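Working through the structure, step by step
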Amino acid sequence: MSHFSVTRRPAVQWRADASAQSVERASPREVAVGLSFGGRPHTVLMATPEDLEDLALGFVVTEAIAQAADVLAITVKEEPRGVLVDLELAPGAMTRK
């Protein structure tokens, strides 16, 4: 999925001499990303809609939910209100400590 975009937004830059200047700032687009395991919702993150498979895999590993080798499949589905990322884990992966 590649929908990353940058939006230009108006802003005000304040100067040390107390003058203000109108400027534009680049702001990355973020969307709600729902993570689920086997169709069971787990959490929602705000993220740029790039590299969502890597985000999901990193989340699983860093949160000690499962090991990378336990991830059998990752499905990304765009929805009207965000993106759903579902991970299929090897049987028993989430029950290990």
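Here goes a summary of the coordinates provided. (Residues numbered from 1 in each chain as written. Predicted model: local features only at pLDDT ≥ 70, side-chain atom pairs only at ≥ 80, totals over all residues. Heavy atoms only, no water.)

With respect to the element layout, Glu-30 can be found in the loop between β2 (20–28) and β3 (31–37). Residue contacts for Glu-30: discarding those within four places in its chain leaves Met-46, Ala-47 and Thr-48. (Helix = DSSP H or I, 4+ residues; strand = E, 2+ residues; numbered from the N terminus. Contact = heavy atoms within 4.5 Å.)

Nonpolar side chains in soluble globular proteins tend to be buried together. Within the largest apolar cluster, 17 residues are counted, with the highest numbers of intra-cluster contacts made by Val-33, Leu-35, Val-60, Val-85, Leu-87 and Leu-89. Mapped onto this core, the elements with two or more residues apiece are β3, α1 (52–62) and β6 (82–89). Setting aside chain neighbours within four positions, we find Val-85 in contact with Val-33, Gly-34, Leu-35, Ser-36, Leu-52, Ala-56, Ile-74, Thr-75 and Val-76. (Core = buried A, V, L, I, M, F, W, Y, C linked by side-chain atoms within 4.5 Å. Buried < 20%, exposed > 50% of the residue type's maximum accessible area, 1.4 Å probe, protein only.)

We now examine the sheet that holds strand β4 (residues 40–47). The strand order across the open sheet formed by 4 strands is β4-β3-β6-β5, and the pairing between neighbours is mixed. At either margin of the open sheet sits one strand with a lone partner, and together these are β4 and β5 (71–79). Neighbour-to-neighbour, the strand axes of the sheet open up by a mean angle of 20°, direction not taken into account. With 5 bridges joining them, β3 and β6 adopt parallel strand pairing. Residue pairing across strands places Ser-36 opposite Asp-86, the latter belonging to β6. (Pairing = 2+ DSSP bridges. Axes fitted to C-alpha atoms, helices over the stretch in contact; angles between N-to-C directions.)

Turning next to the pairing of strand β1 (residues 6–14). Pairing of β1 with β2 involves 9 bridges; the strand directions are antiparallel. What sits directly across from Val-6, in β2, is Pro-28. Hairpin remark: β1 followed by β2, antiparallel, with 5 residues in the connecting loop; positive phi at Ala-18, about 75°.

Listed as buried for α1 are Leu-52, Ala-56, Phe-59 and Val-60. In a view along the axis of α1, the buried residues occupy a sector of 95°, so they form one face of it. Across from the buried face of α1, at angles greater than 90 degrees, the exposed residues are Asp-54 and Thr-62. Turning to α1, the residues buried within the fold contact β3, β4, β5 and β6. Just downstream of α1, Ala-64 is the residue with a positive phi angle, here 55°. (Arc of directions from axis to C-beta.)

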